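Here's the letter readout for the chains.
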Amino acid sequence: MKKIFSLGILICVFYFLTTSESAFARVVEIGTHPVIVSAKRVKPHQSEPTSLAKSTADNQTSIPSDRRFIGNDSDQDIITRAQPFSSYPSEPPVVSPPTSDIQIKERKFELGTEASHIIYKEPIFSLRDKGNMYGLFGSYVYRPNTGNYLYNKFLSMYRLDAKASYGKIDYESSGSGTIHHIDDYMVEIRGLLGKDYYLGQYSLLTPFAGLGWRYLNDDTGGRQSSTGASGYERESRYFYAPLGVEAAHKLGSSWLLSFTGEYDLFIIGQQTSHLSDVDGALPDIKNKQHKGYGTRGSIRLLHVGKEINFFMESFIRYWHIRNSDTVTAAGSRFIVTGREPDNNSTEVGVKLGIQY
């Protein structure tokens, strides 16, 4: 009897809840923000609306069927629990990149070594420097997740490159003779920004641009050539803007082949000639360089490992710098006027490195 009596009470309560005309409401929060929606109560036998669009006939708002609400048939405002994403229409949707078999890590480091052969020429003097350079390089690549504010329709790749190399260079000139085993060292730092574009399931194209700084020191100070000409230290600084594109294609399950082509827009350069190495009474000269350009390209074959990737890369780098401005400088006893002549350099080499 107690069970039958309890069942009767439940039936009465249910009937009261489904037929009562009294309006009531309660605040239901999503996180810390209550959501208020103007709505009309839908009876159980009515078909449920499918949108929140406002009706032009009765100026009332309907509730999607996947929301829970409370209230009655009167035109009173009620409070409802809304779904989290539709409650914040101003929040931008998260855009995921297309499905690709190319392994893309959010953060990537590269370390390795390189060896190259470089030839520098000043055609006006039939001058040539040539020799082998050996160095180390490193890079850091950051590709933010799609929800990160650094990921947008213009940028999705941020890269920092650095390298340093050293070698022994041989000098020869039709007018000054030869000098062997000159100490040369080079430092280069670059910052790049780019955007990834997926070309199908196995290819990735990344246009990029940035800023670069290149420093070269050629030190013949205190040396004499085969004809008795005195050498002096020379410093070269380039500021430039790299503009290029990298194309990567997956080969099989564990190999990746990539090509890079680049044009280096020359911004400004400075050539410092330490003539005081020849005679302390001579001044050092600093020439500004305003015209020139560079190009470079590379081919890389990368093996994808479980934790560390290994790669081999061949590259070529070319610079052509026009005549500098002409300057006049005064030393303790001499006044010198000079300029840096039109010159070009070509460097060809290989890299071996790891990526993780």
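On a predicted model such as this, the values are computed, not experimentally measured, just so you know.

Trainee: Before we go on, may I ask you to explain the overall build of the chain in this structure?
Mentor: Each helix and strand counted, the chain has one helix and 18 strands in total. Burial statistics for the chain: of 356 residues in total, 38% are counted as buried. Taking all contacts inside the chain whose residues are at least 6 apart in sequence as the whole, residues at least 24 apart take part in 64%. Total accessible area on the chain stands at roughly 20800 Å², and carbon and sulfur atoms take up 61% of it.

Trainee: Honestly, the packing of aromatic side chains in this entry has me stumped. Any pointers?
Mentor: Aromatic ring pairs: the centre-centre distance and the angle between the two ring planes describe each pair. Considering all chains together, one arrives at twelve aromatic pairs under this definition. Ring geometry for Phe-266 and Trp-319: centres 6.4 Å apart, planes at 70°, overall edge-to-face. Here Trp-319 lies in strand 15 (residues 309–321) and Phe-266 lies in strand 12 (residues 255–273), a separation of 53 residues in the sequence. An aromatic cluster is present here, built from Tyr-238, Tyr-240, Phe-266 and Trp-319 joined pairwise through their rings. Stacked on the ring of Tyr-151, the Lys or Arg Lys-195 has its end atom at 4.6 Å from the ring centre. One cation-aromatic arrangement involves Arg-317 over Phe-315; the distance from NZ or CZ to the ring centre is 3.9 Å.

Trainee: Would you explain the pattern of salt bridges in this entry?
Mentor: Two side chains with opposite charge may pair up if their charged atoms get near one another. Taken as a whole, this structure holds 20 salt bridges when the rule is applied. Where Arg-159 meets Glu-110, a salt bridge forms, and the shortest distance between an N and an O atom there is 3.6 Å. Placement of Arg-159 in strand 7 (residues 157–173) and of Glu-110 in strand 5 (residues 107–122) is noted, with a sequence separation of 49 residues between them. Relative accessible area serves as the criterion here: at 3%, Glu-110 is assigned to the buried category. Ionic pairing is found between Arg-234 and Glu-340, a salt bridge with its closest N-O pair at 2.6 Å. Taken together, the positions of Arg-234 in strand 11 (residues 233–251) and Glu-340 in the loop between strand 17 (335–338) and strand 18 (343–355) put the pair 106 residues apart, joining distant regions of the chain. Here the salt bridges share partners, and the residues they tie into one network are Glu-110, Arg-159, Asp-161, Glu-188, Arg-190, Glu-262, Asp-264, Arg-296, Arg-300 and Glu-313.

Trainee: How should I be thinking about the environment of Asp-279 in this particular structure?
Mentor: In this fold, Asp-279 is placed in the loop between strand 12 and strand 13 (285–289). Residue Asp-279 is classed as partly exposed on the basis of its relative accessible area, which comes to 29%. Along the primary structure Asp-279 and Tyr-232 are separated by 47 residues, whereas in three dimensions their C-alpha atoms are 9.7 Å apart. Apart from residues lying up to four places away in sequence, Asp-279 is in contact with Arg-333 and Phe-334. For Asp-279, the side chain forms a polar contact with the main-chain nitrogen of Ala-281, separated by 2.9 Å.

Trainee: It is not clear to me how unusual backbone geometry should be interpreted in this structure. Could you clarify?
Mentor: Located in the positive-phi region is Ser-126, a residue other than glycine, with phi close to 50°. Residue position: Ser-126 is located in the loop between strand 5 and strand 6 (127–142).

Trainee: What is the right way to look at the side chain of Glu-122 in this model?
Mentor: Mapped onto the elements, Glu-122 comes out in strand 5. When its relative accessible area of 6% is taken as the criterion, Glu-122 is described as buried. With sequence-adjacent residues up to four places away left out, Glu-122 is seen in contact with Leu-127, Arg-234, Glu-340, Pro-341, Asp-342 and Asn-343.

Trainee: Before we go on, may I ask you to explain the nonpolar core in this structure?
Mentor: As a rule of thumb, nonpolar side chains are buried together in soluble globular proteins. Counting ten residues, the largest nonpolar core consists of Ile-118, Tyr-120, Leu-127, Met-133, Ile-169, Tyr-171, Ile-179, Ile-182, Met-186 and Leu-216. Elements supplying a minimum of two residues to this core: strand 5, strand 6, strand 7 and strand 8 (177–194). Membership of the second largest hydrophobic core comes to seven residues, among which are Phe-137, Ala-248, Leu-256 and Phe-311.

Trainee: What should I look at first to understand the environment of Asp-219 in this one?
Mentor: Among the structural elements, Asp-219 can be located in strand 10 (residues 203–219). Distance in space between the C-alpha atoms of Asp-219 and Tyr-232 is 6.4 Å, their sequence separation being 13 residues. Contact partners of Asp-219, with chain neighbours within four places excluded, come to Ile-182, Asp-183, Asp-184 and Glu-233. Side-chain polar atoms of Asp-219 contact the backbone nitrogen of Gly-221, separated by 3.0 Å.

The rules we used
Residues numbered from 1 in each chain as written. Predicted model: local features only at pLDDT ≥ 70, side-chain atom pairs only at ≥ 80, totals over all residues. Heavy atoms only, no water. Helix = DSSP H or I, 4+ residues; strand = E, 2+ residues; numbered from the N terminus. Buried < 20%, exposed > 50% of the residue type's maximum accessible area, 1.4 Å probe, protein only. Contact = heavy atoms within 4.5 Å. Areas by Shrake-Rupley, 256 points an atom, 1.4 Å probe, with all protein chains shown as cover. Phe/Tyr/Trp six-rings, centres within 6.5 Å; stacked < 30°, edge-to-face > 60°. Lys NZ or Arg CZ within 6 Å of the ring centre and 35° of its normal. Salt bridge = Lys/Arg side-chain N within 4 Å of Asp/Glu carboxyl O. Polar contact = N/O pair within 3.5 Å; in protein donor to acceptor, adjacent residues only side chain to side chain. Core = buried A, V, L, I, M, F, W, Y, C linked by side-chain atoms within 4.5 Å.

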